[in-house]
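# Analysis of the macromolecular model
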Amino acid sequence: MFVYADNAATTAMSRAAADAMLPAMGELYGNPSSLHQKGREANYALMGAREAVAKCLHAEPREIYFTGCGTEADNWAITEAARLGALAGKKHIISDAIEHHAVLHTLKKLEKQGFSVTYLPVHENGLVRLEELEAALRPDTCLVTVMFANNEIGTLQPIREIGALCRERGVLFHTDAVQAVGHVPVDVEADNIDMLSLSGHKFHAPKGVGALYCKKSIRLENFIEGGAQERGKRGGTEAIPAILAMAAALQESCAHMEENMAHISAMRDKLIAGLSRIPNARCNGDPDHRAPGIVSFCFEGIEGESLLLRLDLAGICASSGSACTSGSLDPSHVLLALGLPHEIAHGSLRLSLSEYNTMEEVDYILQQVPEVVRTLRQMSPVWLHMLEKMEDPYKE
Amino acid sequence: MAMEYSEKVMEHFAHPHNVGVIEDADGVGEVGNAKCGDIMRMYLKIGEGEVIEDVKFQTFGCASAIATSSIATDMIKGQPLNEALKLTNKAVVEALDGLPAVKIHCSVLAEQAVKAAVADYYKRKGLPYDHPCDACGEEGCCGHSHGQEEE
């Protein structure tokens, strides 16, 4: 059996996305900036895509800027908010410990430029606490950036409440919603969001396209000079095939959100219940505030890369936050921020589901993972040392 | 970027040789650090003429840590101790048809594990042991670079 359970890394393109993309790779070849019929044709298609994306987020079309990826949107939003803040003499930013590197590395760069950044702790369950955010706000705070759904442990942050607090204090609020858009309801109006980043390939669109939502009252400066595209703020001829595909994929995801969420979270809950039966295993992240498709576990006594590759040999595509899979010496900053010791964080496994997965696949995962964990434990000196201090849970 | 393992590495990872424990081992060595994600433990049974009669290993670590342990045990099994001590991390890497640069330290760990087990044997026999790992002594260390320069 083959099971793709790495949808937080990327998703398979949907039929709807491919169908939307094909004409743009054929007849619809015009440049939307051209005045002639071919150009107008492409421009209409682009306008339609922008409207569709805006509608899914409850935004206005002119608040949507297409980008090359979610990382670009994060870079743009944060550096712009910082620039605007500095103009007003405000150079303090608040974020948290488990952001994606697209956010964290941008903040590190701003720190070198003289901004100060407060990284809120997330505690054992991976959640930011409102009272801690409130306490961290300063008169010179110009931006709060907190991700909507975490890519490793799936935690859903209290976005609406964070946004409300920021509104009250007159501070810009950006959210990296790359793992949320297309998966859970996102309403920039109701959720009090000023800026939001999204990425197409996380919801069955192709790679190479994302978007930034930026509230119209914010005076966004140009990110790429040299063209009138994206209201002059991001020059460069639009990637029409990818943009049309992303709009179609998002429309489809939003139209079926309720049923998808029900199906995916039922599979997630079965996975969590099944994997929890493995001895010395722990589920990472908050049990209640959790994205429908993301399951994160740590298995004591084994290392994540070998777990991942053994599962790959069994036909299961997953991922891990172990140091070995990241190519660095440290395991994932997200797992460490939960307070997990290094040796436990090394044994992490992330399974991320989409609506294309089935219960049969979940059953297959639940049959394979315990076996692989047990095999690896049998050859692990760490497990051997653990057995000196506890009864062998595998003893018949 | 995804790392590429050779077929040989994947073969030893999927079906490692000499996994297990020798209850009445004559020498046991353990190197590495769980914090860094790699620990190797090696068991030796020494026969007549100081020949390694049997060897087993246990490893906590990534695919290449398991593969290097497996092939290192193959390489020293049946060898006299003085030959086994000549095992280098470079030979381990070559036998596996290469390792990704960031995984070279696994081969260093395999060399150290063999040496630590032999050192333990000498210690138990009350014999002097003068073959510590050049760069880092007998103890396994994590994150040192002496293997990484070799590839």
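Cut-offs used in this document
Residues numbered from 1 in each chain as written. Chains lettered and ligands numbered in written order. Predicted model: local features only at pLDDT ≥ 70, side-chain atom pairs only at ≥ 80, totals over all residues. Helix = DSSP H or I, 4+ residues; strand = E, 2+ residues; numbered from the N terminus. Buried ≥ 20, exposed ≤ 12 C-beta atoms within 10 Å, placed from the backbone. Contact = placed C-beta atoms within 7 Å. Pairing = 2+ DSSP bridges. Axes fitted to C-alpha atoms, helices over the stretch in contact; angles between N-to-C directions. Right-handed = clockwise from strand over helix to strand, strands pointing away. Left-handed = near helix turned anticlockwise from the far one by under 90°. Nonpolar A, V, L, I, M, F, W, Y, C, P; charged D, E, K, R; others polar. Domains from an automatic or database assignment.

## A word on the overall build of chain B
Helix and strand counts for chain B come out as five helices and three strands. Here chain B holds 151 residues, and the buried ones make up 46% of them. Taking the intrachain contacts of chain B between residues at least 6 apart in sequence as the baseline, contacts between residues at least 24 apart amount to 62%.

## As for the environment of A:S380
Mapped onto the elements, A:S380 comes out in the loop between α13 (359-378) and α14 (381-387). Residue class for A:S380 comes out buried when judged on the 25 C-beta atoms lying within 10 Å of it. Separated by 77 residues in the primary sequence, A:S380 and A:E303 place their C-alpha atoms 9.1 Å from one another. Beyond its immediate stretch of four places on either side in the chain, A:S380 contacts A:G301, A:I302, B:Q58 and B:F60.

## Some points on the sheet that holds strand β9 (residues 281-283) of chain A
All names here are of chain A. Strand order in this open sheet of three strands is β9-β10-β12, and the pairing throughout is antiparallel. If you trace the sheet from one side to the other, it starts and ends with β9 and β12 (348-352), each paired once. Between one strand axis and the next, the sheet turns by 25 degrees as a mean value, whatever way the strands run. Alignment of strand β10 (residues 294-299) against β12, held across five bridges, turns out to be antiparallel.

## Re the pairing of strand β3 (residues 92-96) of chain A
All names here are of chain A. Counting buried positions along β3 gives four out of five residues, so the element sits mostly inside the fold. Of the strand pairs in this sheet, β3 and strand β4 (residues 116-120) are connected by five bridges, and their pairing is parallel. Residue D96 lies in a different strand from β4, and its bridge partner there is L120. As a crossover connection, the stretch from β3 through helix α4 (residues 101-112) into β4 is right-handed. In the sheet, β3 pairs with strand β5 (residues 141-145) via three bridges, with the strands oriented parallel. Residue pairing for β5: I93 is matched across the bridge by L143.

## Remarks on the packing of helix α3 (residues 70-87) of chain A against α4(A)
All names here are of chain A. It is at 9 Å that the axes of α3 and α4 come closest, and there the two elements cross at 35 degrees. In this structure, the crossing between α3 and α4 has a hand that is right-handed. Along its contact with α3, which presents G70, T71, D74, N75, I78, T79 and A82, the element α4 presents A102, V103, T106, L107 and L110. In terms of residue class, the contact of α3 with α4 is built from six nonpolar, five polar and one charged.

## Describing the domain arrangement of chain A
Residue and element names in this part refer to chain A. By domain assignment, chain A separates into domain 1 (15-255) and domain 2 (257-387). A straight line from the C-alpha centre of domain 1 to that of domain 2 covers 29 Å. Listed as interface residues are 21 residues of domain 1 and, on the opposing side, 19 residues of domain 2. Split by residue class, the side of domain 1 that touches domain 2 holds eleven nonpolar, eight polar and two charged.

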